[in-house]
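Here's the letter readout for the chains.
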Amino acid sequence: AKKAIIIGAGIAGIASAIRLTQKGYSVSIFESNGYAGGKLTTLQLGNYRFDAGPSLFTLPHLVDELFEVAGKDPRDYFNYQQLEMLCHYFYEDGTVLHAFADQEKLIKEVESKLNIDSKPLKEYLNHSEIIFERTRHSFLEKSLHKFSSYISLDILKTVTSMRKLNLFETMHEVNEKSLNHPKLVQLFDRFATYNGSNPYKAPGVLNSIPHLEFGIGSFFPTEGMHEILKACMKLAQELGVEFHFNEEVKTIQIKNRKVTGIETETGIHTAELILSNCDVKQTYKQLIPNQKAPEKTMNQEPSSSALIFYWGIQKSFPELDVHNILFSDDYKKEFNAIFDDSTVSDDPTVYIHISSKIVSEDAPIGSENWFIMVNVPSNQGQDWEKLRLKVRQLCIEKINRILKTDIESLIEEEDYLDPIRISERTNSFGGALYGASSNERMAAFFRHPNFSKVKGLYFAGGSVHPGGGIPLCLLSAKIATDLIPNA
Ligand code: FAD
């Protein structure tokens, strides 16, 4: 069989491997780390288990599809449940909004807590669905670019109808116009962070993102997020994918504008096809430095990164759910700090994820595993030790203020993740969570396509088309492998 080599065992690398076996390729994955998953990995601290990276699971059918293309029943490999509660939102003035998945309950909650008419919210959620449905086929589910013309005719047609899709206003402008309460505006502005962007700059078309949660639903695997990875790994191994761990790829070998293989510490490994799951900027810089890198891609502003604290907490908090947000009082200031000043504001929004609310084995009885996340800029040489200590203190103060507790005295286990660790552990440029940001109106077009000018070299992962986050990574694997002929 023809040989395919995949660089990186991130979720898109593994998904691509599964799909390539179905195209008749013999597939090997080379991974720098001693483990698979890249950003989607797990962490054990004493008696507490944490999902180290992603915590929000949407569009689960995209994972199921990997099993289905291989003729397997996904339910033989992993399971998940739909969440009835999307998120608990806490505001500094004491307001708490429970975002129910059920629209009727949500409407009642908003009407009673904010004392407003819910019609604008209903219309907003409908509009979110309309944008999602109109853009998914042209933007998310196929290659935006043609080999010949870079941008396809189909896309140009979509662009010309963009006024309706709010491409010419920012997310925040649309939200402010559409929603009748500043607390709802903030709640829906937050969805810009789902791809590491700034709602005050990102185009209004991204207001399709809330539809993922409010329309289609938020899900959670029975054993936590790492179960997604475990299940995909099991399938890949059954299909004969060969994993080479602790084996960093140093260069991609190219002859006459065509790939011939890769080089690692153990030597040259030949292949007819190479798919890079390594960050696209790093692929150009590190692995093919002699090839001309597309400037648009290389100059794109990175998405935000994150500071994460993993805390084993010796208490349980019934007022918290699986997903919780403690909002900043000045959202604009928070995003200015991240994207204009490359720092963190004095009152950042704090996200608390507690998987042990569902997966009871993740924490001892009466305790909880807290994953605390604050959005921060990508690494541009800031003093991360200093910023981390500052943010840790701000998180403690905010949590104490809002939950009326003394959280520091309850921390039994602790670790952290910062942009430096993210870039060291996953080779992502600047530790960005989602590749490039979508702060520019045309950012979607500047993402690198899933193919390249070098014959036999393809890309899948969060830094290329259509974008970051597990669902889009899985779509990138589908689009990339659909472009590849059968072996
Ligand atoms: P990555 O996970 O980036 O992995 C790339 C792999 O390639 C790594 O294992 C790396 O070691 C390997 N590699 C790189 N270079 C080489 C080389 N030269 N040789 C060999 N191997 C190499 N997404 C969501 O959907 N929901 C969320 O809630 C969410 N929250 C997040 C929170 C955090 C803290 C982080 C970090 C990310 C979050 N994301 C979330 C984003 C999501 O995790 C990523 O978009 C996705 O996991 C990226 O997958 P990927 O396939 O691009 O590869």
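The rules behind the values
- Residues numbered from 1 in each chain as written.
- Predicted model: local features only at pLDDT ≥ 70, side-chain atom pairs only at ≥ 80, totals over all residues.
- Heavy atoms only, no water.
- Helix = DSSP H or I, 4+ residues; strand = E, 2+ residues; numbered from the N terminus.
- Buried < 20%, exposed > 50% of the residue type's maximum accessible area, 1.4 Å probe, protein only.
- Domains from an automatic or database assignment.
- Contact = heavy atoms within 4.5 Å.
- Buried area = accessible area lost by both parts, 1.4 Å probe.
- Salt bridge = Lys/Arg side-chain N within 4 Å of Asp/Glu carboxyl O.
- Nonpolar A, V, L, I, M, F, W, Y, C, P; charged D, E, K, R; others polar.
- Pairing = 2+ DSSP bridges.
- Axes fitted to C-alpha atoms, helices over the stretch in contact; angles between N-to-C directions.
- Parallel < 35°, antiparallel > 145°, perpendicular 65-115°, else oblique.
- Left-handed = near helix turned anticlockwise from the far one by under 90°.
- Core = buried A, V, L, I, M, F, W, Y, C linked by side-chain atoms within 4.5 Å.

Draft legend 1. Seen up close, the environment of E109. Note on placement: E109 falls in helix α3 (residues 103-114). By relative accessible area, which is 10% here, E109 ends up buried. For the pair E109 and V96, spaced 13 residues apart in sequence, the C-alpha to C-alpha distance is 9.8 Å.

Draft legend 2. Expanded view of the domain arrangement of the chain. What the domain assignment lists for the chain is domain 1 (3-34 + 245-300 + 435-483) and domain 2 (120-181 + 188-213). Opposite the 20 residues of domain 1 that make contact, domain 2 presents 23 residues. Together domain 1 and domain 2 conceal approximately 1900 Å² of surface at their shared face, both sides included; 67% is due to carbon and sulfur atoms. Among the residues of domain 1 in contact with domain 2, N439, R441 and F445 are the three that bury the most area, contributing 34% of the side total. Applying the counting criterion to the domain 1 and domain 2 interface returns zero salt bridges. If you list the elements that add at least two residues to the side of domain 1 that touches domain 2, you get α15 (443-446) and α16 (470-483). With four residues, the top contributor of residues to the side of domain 1 that touches domain 2 is α16. Partitioned by chemical class, the residues of the side of domain 1 that touches domain 2 number 11 nonpolar, five polar and four charged.

Draft legend 3. Main features of the sheet that holds strand β16 (residues 350-354). An order of β7-β6-β15-β16-β17-β14-β18 is seen for the seven strands of this open sheet, with the pairing classed as mixed. Of all strands in the sheet, those bounded by a partner on one side alone are β7 (96-100) and β18 (411-417). Shown here is a sheet whose adjacent strand axes are inclined to one another by a mean of 20°, direction ignored. With six bridges joining them, strand β14 (residues 305-313) and β18 adopt antiparallel strand pairing. Bridge pairing links W311 to E414 in β18.

Draft legend 4. Spotlight on the packing of helix α1 (residues 11-21) against helix α9 (residues 226-238). At a minimum axis distance of 10 Å, the contact between α1 and α9 shows a crossing angle of 30°. The angle between α1 and α9 falls in the class roughly parallel. Relative to α9, α1 is oriented so that their crossing is left-handed. The residues of α9 that touch α1, namely those facing I11, I14 and I18, are I228, L229, C232, M233, L235 and A236.

Draft legend 5. Main features of the nonpolar core. Residues I14, Y89 and F188 are the most contacted members of the largest nonpolar core, which totals 105 residues. The two domains that each donate at least three residues to this core are domain 1 (3-34 + 245-300 + 435-483) and domain 2 (120-181 + 188-213). When sequence neighbours within four positions are dropped, the list of residues in contact with F188 reads L121, Y124, L125, M171, N175, L179, P210 and F214. The next biggest cluster of nonpolar side chains, apart from the first, holds 28 residues, and it includes V391, I402, L403 and Y416.

Draft legend 6. Looking closely at the pattern of salt bridges. Evaluation of the coordinates by the stated rule reveals 23 salt bridges. E92 is the partner of K398 in a salt bridge, and the nearest nitrogen-oxygen pair spans 2.7 Å. Of this pair, K398 sits in helix α13 (residues 384-403) while E92 sits in the loop between β6 (85-90) and β7; the two residues are 306 residues apart in sequence, bridging distant segments of the chain. For K398, a relative accessible area of 1% translates into the label buried. Among the salt bridges present, the one from D93 reaches K183, with a minimum N-O distance of 2.7 Å. Taken as a pair, D93 in the loop between β6 and β7 and K183 in helix α7 (residues 182-189) lie far apart in primary sequence, 90 residues in all. D93 gets classed as exposed once you look at its relative accessible area, which sits at 52%.

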